[in-house]
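Here are the chains, one letter per residue:
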Amino acid sequence: MRQSAQSGFDEQDKQWMSEALKEAELSLRAEEVPIGAILVSDNTIIGRGHNERISRNDPTAHAEILALRSAAARIGNYRLTKATLYVTLEPCLMCFGALLEARVETVVFGLREPKWGVAGSLYDLQNDPRLPHRIRVRDGVLSDPIGELLRSFFRGKRER
């Protein structure tokens, strides 16, 4: 089910990931870890989010969760069965669980997260046969600019 960067991506994947990257830049301006996400359905952005854990004092205010909340409110349904999430960093356990609950169809992320990622790094939840829903996963879209943004953020943190 997982497709890696070596498979290549189309221009639409890059376009949508660029939108997620813009969301990540909003986090950066607020001095949050720069992660951004968008939800797309029928070629339309239905939800957006970027990390706001510090500004909201909310440990659940991850980019993916905020994008899911935004999309569900917009369409009036928590089930997002035909949606694709574009997120700059591999989702964590909490976020992937929420994506499963929302029945998101596909997750496309830019960069792997070896410490927290559950879409192939730390765990491989999209391929767990015990779960009632499968999410297609693709990774590696715009990994270079996303990696540079994250490295720059953490380099700045260490320097301060």
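Counting starts from 1 at the beginning of each chain's written sequence and moves along it residue by residue. Per-residue local features of the predicted model are confined to residues with pLDDT of at least 70, and side-chain atom pairs are confined, for both listing and counting, to 80 or more; whole-chain, interface and lining totals are unaffected and use all residues. Each side-chain value is worked out from all heavy atoms of the structure, with water and hydrogens disregarded.

Trainee: Describe the environment of Ala30, with residues and values.
Mentor: Put simply, DSSP H or I for four residues or longer makes a helix, DSSP E for two residues or longer makes a strand, and each gets a number counted from the N terminus. Following the sequence through the fold, Ala30 ends up in the loop between α1 (11-29) and β2 (36-41). Relative accessibility decides the category of a residue: with a 1.4 Å probe and only protein chains considered, values under 20% of the type maximum give buried, values over 50% give exposed, and everything between is partly exposed. Note on Ala30: relative accessible area 46%, which makes it partly exposed. A C-alpha to C-alpha distance of 24 Å links Ala30 and Leu93, two positions 63 residues apart in sequence.

Trainee: For the packing of helix α3 (residues 63-75) against helix α4 (residues 93-102), give the residues involved together with the corresponding values.
Mentor: Every axis in this analysis is a line fitted to C-alpha atoms, fitted for helices over the stretch in contact. Angles between the N-to-C directions lie between 0 and 180 degrees. Between α3 and α4, whose axes approach to 9 Å, the crossing angle comes to 25°. When the axes of α3 and α4 are compared, the pair comes out roughly parallel. Every pair of crossing elements has a handedness; the one defined by α3 and α4 is left-handed. Side by side, α3 and α4 meet where Glu64, Ile65 and Leu68 of the first sit next to Met94, Cys95, Ala98, Leu99 and Ala102 of the second. Here the contact of α3 with α4 is composed, by residue class, of seven nonpolar, no polar and one charged. Each angle receives one of four descriptions, namely roughly parallel if under 35 degrees, roughly antiparallel if over 145, roughly perpendicular if within 65 to 115, and oblique otherwise. Put simply, a crossing is left-handed when the front helix is turned counterclockwise from the back one by less than a right angle, and right-handed when it is turned clockwise. Here, two residues are considered to be in contact whenever any of their heavy atoms come within 4.5 Å of each other. Amino acid classes used here: Ala, Val, Leu, Ile, Met, Phe, Trp, Tyr, Cys and Pro are nonpolar; Asp, Glu, Lys and Arg are charged; the rest, including Gly, are polar.

Trainee: How would you sum up α4? Please name residues and give values.
Mentor: Looking only at α4, the buried set comprises Cys95, Phe96, Leu99, Leu100 and Ala102. Angular distribution of buried residues about the axis of α4 spans 165°; they occupy a single face of the element. Residues Leu93 and Glu101 are exposed on α4 and point more than 90 degrees away from its buried face. As used here, the arc is the angular range of directions from the helix axis to the C-beta atoms.

Trainee: Give me unusual backbone geometry: which residues, what numbers.
Mentor: Notably, Glu31 is not glycine yet its phi reads approximately 60°, a positive angle. One non-glycine residue, Leu142, lies in the positive phi region at around 55°. Mapped onto the fold, Leu142 is located in the loop between β6 (136-139) and α5 (143-159). Taking the relative accessible area as the measure of exposure, Leu142 reaches 24% and is therefore partly exposed.

Trainee: Quick one: what's the story with the confidence of the model for the protein, residue by residue and with numbers?
Mentor: The predictor rates its confidence in each residue with pLDDT, a number between 0 and 100. When pLDDT is averaged across the protein, the result is 94; 95% of the residues are at 70 or more. Throughout residues 1-6 the model reports pLDDT below 50, and contacts reaching past four residues in sequence, or to other chains, amount to 19 contacts.

Trainee: I'd like a rundown of the pattern of salt bridges, residues and numbers included.
Mentor: Whenever Lys or Arg places a side-chain nitrogen within 4 Å of a carboxyl oxygen from Asp or Glu, that contact is recorded as a salt bridge. As enumerated under the stated definition, the model contains 12 salt bridges in all. Where Glu19 meets Arg48, a salt bridge forms, and the shortest distance between an N and an O atom there is 2.7 Å. Here the residue Glu19 occupies a position in helix α1, and Arg48 occupies one in strand β3 (residues 44-50), the gap between them amounting to 29 residues. Among the ionic pairs, Arg112 bridges to Asp139, the shortest N-O distance being 3.1 Å. Of this pair, Arg112 sits in the loop between β5 (106-111) and β6 while Asp139 sits in strand β6, placing them 27 residues apart in sequence. Taking the relative accessible area as the measure of exposure, Arg112 reaches 28% and is therefore partly exposed.

Trainee: Summarise the environment of Pro114; cite the residues concerned and give the values.
Mentor: With respect to the helices and strands, Pro114 occurs in the loop between β5 and β6. Sequence-wise, Pro114 and Glu90 are 24 residues apart; in three dimensions their C-alpha atoms are separated by 8.7 Å. Excluding residues that lie within four positions of it along the chain, Pro114 makes contacts with Ser121 and Leu122.

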